[in-house]
Amino acid sequence: MQESSRTNTLEELRQGSELAFKQIYEQNRDKFLNFARRYHLSDEENIDIYQDAYIIFHDNVMSGKIKELTSSISTYLFSIGKYLIFDRMRKNKKTVNSEYNLDIVRDDESVIETLDFDTGELTPEQTLLRKHFATLGKQCQELLTLFYYRGYTIREIMEAVDYNSENVVKAAKSRCMKTLRERIQAKV
């Protein structure tokens, strides 16, 4: 979402637009639930967490705590949700496995989905991934972020980034992953 569009949406929310709040809720719900599944909480817990995150977002908008956003509304909402997930995991005495094997990256893209760049300390593998991810072009970074980090489906990416077809998105994602793997393998 562009900054002017984000500002307009934020202004609509501040004015109490039920339609705008409903759209935000519905546009992000499935993406968040898809994202949250990687933390192995129950579906009911994930739904509760999303609703709690949404309520916090709503309260922050209506109280004026959010003056402007430097990220998308989705990113803001997801970051609230992620902290609530971690809080729930701490209460359940669950931990996030931080041991990653780069050999898996060569064969299975799913390891990328579990990497979390927002935590304090990164494993050597996460540091390596972050370093080489930053060398990718802007389009590859955006595409991989939407798919692996935000949990967008191929169709949602196609619509959000104006690709011609799902096959174009799949091919681009495949090329980006291949480039990332090659760069990681060349530097290991």
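The following refers to the structure shown. (Residues numbered from 1 in each chain as written. Predicted model: local features only at pLDDT ≥ 70, side-chain atom pairs only at ≥ 80, totals over all residues. Heavy atoms only, no water.)

A closer look at the overall build of the chain
For the chain, the count of helices and strands is 10 helices and zero strands. If you list the helices and strands of the chain from N to C, you get α-α-α-α-α-α-α-α-α-α. Out of the 188 residues belonging to the chain, those deemed buried represent 39%. Counting contacts in the chain only where the partners sit at least 6 residues apart, residues at least 24 apart contribute 64% of the total. (Helix = DSSP H or I, 4+ residues; strand = E, 2+ residues; numbered from the N terminus. Buried < 20%, exposed > 50% of the residue type's maximum accessible area, 1.4 Å probe, protein only. Contact = heavy atoms within 4.5 Å.)

As for the state of the cysteines
According to the stated counting rule, one finds one disulfide in the structure shown. For Cys-140, the disulfide goes to Cys-176, at an S-S distance of 2.0 Å. Its S-S torsion of about -80° marks the bond between Cys-140 and Cys-176 as left-handed, since a negative value means left-handed. Here Cys-140 is found in helix H8 (residues 138-149), whereas its partner Cys-176 is found in helix H10 (residues 166-187), with 36 residues between them in sequence. You'll find Cys-140 and Cys-176 in the same group, each marked buried. (Disulfide = S-S within 2.5 Å.)

Looking at the environment of Glu-12
Within the secondary structure, Glu-12 sits in helix H1 (residues 3-14). In this structure Glu-12 comes out as partly exposed when scored by relative accessible area, which is 38%. Contact partners of Glu-12, with chain neighbours within four places excluded, come to Ser-17 and Ala-20.

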